[in-house]
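# Structural overview
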Amino acid sequence: MCSIIGYKGQLNVASVLVDSLKRMEYRGYDSVGIATINNGKILVKKDVGRVADVNKSLDLGRMPGHTGIGHTRWATHGGVTDKNAHPHYGCTDRIAIVHNGIIENYRELREELIFLGHIFISDTDSEVIAHLLERYYAEQKNIKKTIIQTCRRLKGTYAFVAAFEDGTICGSRYDEPLIIGSVNNGYFISSDVLGFLEYTDKAVFLENRDIVIVDSETCHIFDLEGNIVNRPITKVAWELAAIDKGKYAHHTLKEIHEQPKIVEKTGTQNLKIQEFCNILTNSKTVLLTGSGTSYHSALIAKHILSKFAKIRAEAIMSSEFQYTFDAIDNTSVLIAISQSGETADVLQSVKAAKQMGARILSIVNNPTSSLARISDSSLSIDCGPEIGVAATKSFTAQLSLIYTIVDRLCKGCLDFEANKASLVDALRQVLDTEIQIHSIAEGLRDARDIYIIGRSIHYAIALEGALKIKELAYIHTEGIAAGELKHGPLALIDRNSYVLLVNPNDIASEDNISSAYEIKARGATIIGISDRPNNVYDIFIKIPSVKSTFYPIIEVLPFQILAYYLALAKNADPDYPRNLAKSVTVK
Ligand code: M6R
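Read on for a plain summary of the structure.

Rules and cut-offs
- Residues numbered from 1 in each chain as written.
- Predicted model: local features only at pLDDT ≥ 70, side-chain atom pairs only at ≥ 80, totals over all residues.
- Heavy atoms only, no water.
- Helix = DSSP H or I, 4+ residues; strand = E, 2+ residues; numbered from the N terminus.
- Buried < 20%, exposed > 50% of the residue type's maximum accessible area, 1.4 Å probe, protein only.
- Polar contact = N/O pair within 3.5 Å; in protein donor to acceptor, adjacent residues only side chain to side chain.
- Contact = heavy atoms within 4.5 Å.
- Core = buried A, V, L, I, M, F, W, Y, C linked by side-chain atoms within 4.5 Å.
- Domains from an automatic or database assignment.
- Pairing = 2+ DSSP bridges.
- Axes fitted to C-alpha atoms, helices over the stretch in contact; angles between N-to-C directions.

### Some thoughts on the side chain of His 88
Structurally, His 88 is set in strand β5 (residues 88-89). A relative accessible area of 2% places His 88 in the buried class. From its side chain, His 88 meets the backbone oxygen of Asn 84 in a polar contact 3.3 Å long. Ignoring any residue separated from it by four or fewer positions in sequence, one finds His 88 in contact with Lys 46, Lys 83, Ile 95, Ala 96, Ile 97, Ser 122, Thr 124, Ser 126, Glu 127 and Ala 130.

Now the structure itself:
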């Protein structure tokens, strides 16, 4: 959830680190800090706030030296304060560290170190790493032995980079990503390829418990026994230009507008899609998993797999997977869906299923992510980096790929390819409702509760729409299966309620209209999202008619746009919602 970066080379390190942190800020953005090594001294500057602001107030980018480490934080242990911001020193300023993950045994390590005389400054779990390194380094003055001993003591998940006063930087990982970027006369160690992609596309992905040491001239990778290990260099094909906001005010708005183009280009990985389908058809049990938005994609996948490919599947939230599923063996397949491919809950589910013998298929946006690398087969949604914390274009890209897979499985029964042009056109038409939705958002800005209702496959869109509004506009919003209203939620409805109805023209439409009348009778304002108007709607957002199976792909857009403008109406930053991070790499 935090971003970490280390650099040793010939460039002025501080400005390099500031730029890297800006590019990785989506991972966590409550505080920021940098340590540079200059003339044998480590200097740390850090504070609460976003990279640009802290850089301005502390002049981070002008810190001296050619070696250093940096961090943006998403708080887990200890409040959002400058003392909890990284980098952390040990007792002296000779070693500093930045860390991402959770050190589960930090309390006992801290007690042990305090007993030995160490003094802790922060409330974080991370600070124990600095003190452990300091302790073992004092004993033997050997960085390799020091880091090995330190890593042996850590329980939990971690990726960390440490800076030593002699100018060495080193790091290690366990269940959190850490990647080396190799440049002319230097190296990066980063939690994300975006940290160094401006300088190199040559990346080395460290395995769990690998240790990397970059000293004056070399970069070596060791295992926990101290043996040198070789890891392959991967060429990363990530379009950096796509990180710009372009003409848009926010990444989120830009990403919403990219959706027609993304749907247009889905399905180019022909051979891989076939491999995916072969594994699926040869399995007895099909499970799907994902978190947040990706879980909503899993719900839609489950629906269309069963309806069109006649494959019964179960969709389980990744955070619930470990408590739910035992009936897995080598006849099972688990499809894991994750934009980042780094979500801890998803990775944990996948590892558990893999241990029980299941084959793993994944749908990711990052083909070099941890999830892609542990899968038997992985497909990329290929929608370019999604920077806005809210998933928008990655959702439609996931759906688009899922429809392509199901179409292949049912031998073209969906005619997805033939319908693509009209779908793309429909997406563009929905984007044209932006001005209308902007003014609806102004009217809803003071809403206390919003309900989104839908039936059948549209229930998943009601859940997704609600997630977007909660996340971006901080308004309590619930997605409800329309048929369930009378079993309880109707008690909540009164004249102050706003209800959005996902109601395109399909078999569920008439039942939805009946539900809408029941709601209207309780005085609520009804906003219909449909291709057909109806008197029951107080406000009508028109979406174009498409082949009914494909409505989920277009009907989610009005919710994304609404959530975006609600965020603006409430003075919230739509790209960086409070308390959240893009890549949730902790459990
Ligand atoms: O990277 P992933 O798809 O695995 O992320 C899963 C969720 O954390 C993510 O979809 C989250 O719910 C989004 N912020 C929702 O907009």
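### Some thoughts on the nonpolar core
Membership of the largest hydrophobic core comes to 88 residues, with the highest contact counts inside it found for Tyr 403 and Ile 405. Per-domain counts for this core show at least three residues from each of domain 2 (246-414) and domain 3 (432-574). Residues within four places of Tyr 403 in sequence aside, it is in contact with Ile 300, Ile 304, Leu 414, Phe 416, Ile 457, Thr 549, Phe 550, Pro 552 and Ile 553. Ranked by size, the runner-up nonpolar core spans 31 residues in total, among them Val 18, Leu 21, Ala 203 and Ile 387.

### So, the sheet that holds strand β22 (residues 498-502)
The parallel open sheet is built from five strands, whose spatial order is β21-β20-β22-β23-β24. Where the open sheet ends on each side, the last strands, each with one partner, are β21 (476-481) and β24 (539-542). Taken over all neighbouring pairs, the strand axes of this sheet differ in orientation by 20° on average, direction set aside. With six bridges connecting them, strand β20 (residues 449-454) and β21 associate as parallel partners. The residue of β21 that forms the bridge with Ile 452 is Gly 479. Sheet contacts for helix α15 (residues 434-444): β20, β22, β23 (525-530) and β24; angle to β24, the most-contacted strand, approximately 150°.

### Remarks on the sheet that holds strand β8 (residues 169-174)
In space, the six strands of this open sheet follow the order β5-β6-β7-β8-β12-β13, with antiparallel pairing throughout. At either margin of the open sheet sits one strand with a lone partner, and together these are β5 and β13 (219-222). Taken together, the two bridges between β5 and strand β6 (residues 95-103) define a ladder with antiparallel strand orientation. Of the residues in β6, the one forming a bridge with Tyr 89 is Ala 96. On the sheet, helix α5 (residues 143-153) packs against β7 (156-164), β8, β12 (211-214) and β13 and is oriented at approximately 150° with respect to β12.

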